[in-house]
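Here is what each chain is made of, one letter per residue.
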Amino acid sequence: MKTLKICAVFLLCALLAGCTAKDSTYYSFRTEHQEKTNQQMEENRAAYKGKTVEMIFGFPAACTLTNAEGQTLDIDANGAEGDLLWLNRVIRSSSIYNKFPYSDSFSVLIPADRAVEQYGFQVMRDSIHCNIAGRSATKISITDLKRYELEGEGEIIDVVTRRSVMGDENIGFRAIALFGNGNKHITVEFTETGAIATGFEGICEIRYHAFLVDDEALLETTYTCNGGTFEVDVVSQPGEILVTPIK
């Protein structure tokens with residue numbers, strides 16, 4: 001009788017574990033499996049009716065994509081597997097456009113031996129377009145479509161952080177971008193007036209582009225500054241980039 005009770009407890013635990021386990025789906029990139037993968041994504045789109053976000057990425061042969069809810073996709077050269085719902089995957093020109101349920105953040109974990117190349121991704125939702133990339137970064141993330149982070153085991157080079165907004169008040173289009181190198185942890189948080197950056201080392205290049213609807217004028221400004229922690233202001237003096245070091 002005691003043995004039966006123990007077995008019953010183990011069986012109940014196993015059933016509960018099965019009920020709470022995350023559903024995992026495999027998406028194959030192989031040509032011969034494309035029809036099945038497209039059908040799976042079509043079923044995902046039919047089942048999901050919430051907000052979405054579009055991503056463009058070119059990842060290494062092995063990486064993990066994670067959203068704010070902790071859902072993941074383990075991606076390799078042959079396909080991807082995980083519980084992060086994949087809604088669409090379309091190749092346009094040389095880029096791959098992907099659609100996922102909206103989340104407050106997306107991050108990519110890259111094995112150190114794969115991070116020697118420059119990798120990154122773009123996130124697009126409504127009028128906002130975010131772009132982040134870096135070489136030797138083992139973790140790359142975007143939060144709330146405005147906070148960018150790159151982390152690595154050492155120097156991170158060829159860093160690109162860009163955010164553009166369409167239809168912003170009387171500005172038809174504006175984009176701020178920061179380029180440079182850093183060490184271990186780089187952050188850029190875009191604000192209403194510009195951005196706050198930390199972790200850059202050496203020279204950092206800042207570019208600002210804006211199309212003024214009322215004046216039908218295109219502003220293009222470039223500024224270089226030393227790294228460290230600093231604030232970028234592109235609003236106070238139109239046409240100029242103001243940089244203030246933060247201690």
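Counting from 1, residues in each chain are numbered in the order their sequence is written. Given that this is a predicted model, residues contribute local features only at a pLDDT of at least 70 and side-chain atom pairs are listed and counted only at 80 or more, while totals for whole chains, interfaces and linings are drawn from all residues. Side-chain numbers come from the whole structure's heavy atoms, not from hydrogens or water.

**A look at the state of the cysteines**
Here a disulfide denotes one covalent bond, and it connects the sulfur atoms of two cysteines.
Then step 1. When two cysteine sulfur atoms lie within 2.5 Å, the pair is treated as a disulfide. This model, assessed by the stated rule, comprises zero disulfides.
Then step 2. C225 forms no disulfide, and the closest cysteine sulfur to it belongs to C204, at a distance of 4.8 Å.

**What about the side chain of N67?**
Then step 1. Labels follow the DSSP assignment, with helices taken as runs of H or I lasting at least four residues and strands as runs of E lasting at least two, numbered in each case from the N terminus. Positionally, N67 belongs in strand β3 (residues 62-67).
Then step 2. Polar contacts here mean pairs of N or O atoms no more than 3.5 Å apart (in protein, one a potential hydrogen donor and the other a potential acceptor; neighbouring residues in sequence count only if both atoms are side-chain atoms). A polar atom in the side chain of N67 sits 3.1 Å from the backbone nitrogen of E69.
Then step 3. A polar atom in the side chain of N67 sits 2.8 Å from the side chain of Q71.
Then step 4. Contacts are assigned to residue pairs with any non-hydrogen atoms lying within 4.5 Å of each other. Not counting residues up to four positions away in its chain, the partners in contact with N67 are L84, S103, S105 and F106.

**Comments concerning helix α2 (residues 34-47)**
Then step 1. With 14 residues, α2 extends 20 Å between its outermost C-alpha atoms, agreeing within 8% with the 20 Å of an ideal straight helix rising 1.5 Å per residue.
Then step 2. To sort residues, take the accessible area from a 1.4 Å probe on protein chains only and compare it with the maximum for the residue type: under 20% means buried, over 50% means exposed, and anything in between is partly exposed. Turning to α2, its buried residues number three or more, namely T37, M41 and N44. The arc enclosing the buried residues of α2, seen along the axis, measures out at 50°, which places them on a common side. Pointing more than 90 degrees away from the buried face of α2 are the exposed residues E35, K36, E42, A46 and A47.
Then step 3. Its buried side turned inward, α2 meets β1 (25-28) and β6 (88-92). Each helix should span, by expectation, one fewer than its residue count multiplied by 1.5 Å. As used here, the arc is the angular range of directions from the helix axis to the C-beta atoms.

**Looking at empty space enclosed by the protein**
Then step 1. Within this scheme a cavity is a closed region of a 1 Å grid, computed over the protein atoms alone, that accommodates a 1.4 Å probe without allowing it to escape, whereas a pocket is open but has protein on both sides within 12 Å along at least five of seven lines; lining residues each have an atom within 4 Å of a point. Grid points are joined across faces, edges and corners, and a volume is the space filled by probe spheres set on the points. One pass over the full model with this rule turns up two cavities of 30 Å³ or more.
Then step 2. Looking at the largest cavity, its volume works out to about 60 Å³.
Then step 3. R163, S164, V165, R174, A175, I176, F190, T191 and G194 are the residues that line the largest cavity.
Then step 4. The residue makeup of the lining of the largest cavity, split by class, is four nonpolar, three polar and two charged.
Then step 5. Lining the second largest cavity we find Y102, S103, D104, S105, F106, V123, I142 and L145.
Then step 6. Split by residue class, the lining of the second largest cavity holds five nonpolar, two polar and one charged. Under the convention adopted here, Pro, Cys and the residues Ala, Val, Leu, Ile, Met, Phe, Trp and Tyr are nonpolar, Asp, Glu, Lys and Arg are charged, and Gly plus all remaining residues are polar.

**Notes on the packing of aromatic side chains**
Then step 1. Here a Phe, Tyr or Trp ring, Trp counted by its six-membered ring, pairs with any other such ring whose centre lies within 6.5 Å, and the pair is stacked when the planes are under 30 degrees apart, edge-to-face when over 60, and tilted otherwise. The final tally for this structure, using the stated rule, is eight aromatic pairs.
Then step 2. Residues F29 and W86 carry aromatic rings whose centres are separated by 6.0 Å and whose planes lie at 90° to one another, so their mutual orientation is edge-to-face. In this pair, F29 sits in the loop between β1 and α2 while W86 sits in the loop between β5 (79-82) and β6, placing the two residues 57 residues apart along the sequence.
Then step 3. Aromatic side chains F200 and F230 sit 6.5 Å apart centroid to centroid with 35° between the ring planes, which places their arrangement in the tilted category. Of this pair, F200 sits in strand β14 (residues 194-212) while F230 sits in strand β15 (residues 217-233); the two residues are 30 residues apart in sequence, bridging distant segments of the chain. With respect to class, F200 is no different from F230; both count as buried.
Then step 4. An aromatic cluster is present here, built from Y27, F29, F57, W86, F100 and F106 joined pairwise through their rings.
Then step 5. Throughout this description, the term charge over a ring refers to an Arg CZ or Lys NZ atom that lies within 6 Å of the ring centre and within 35 degrees of the ring normal. R89 extends its terminal NZ or CZ atom over the ring of F29, reaching a point 4.1 Å from the ring centre.

**A short note on the pairing of β5**
Then step 1. The pairing of β1 with β5 spans four bridges and is classified as antiparallel. Counted as the bridge partner of T25 is G82 from β5.
Then step 2. Strands are treated as partners if at least two bridges between them are detected by DSSP. In the sheet, strand β4 (residues 72-76) pairs with β5 via three bridges, with the strands oriented antiparallel. Residue D74 lies in a different strand from β5, and its bridge partner there is E81.
Then step 3. Counting the residues in the hairpin turn of β4 and β5 gives two residues.

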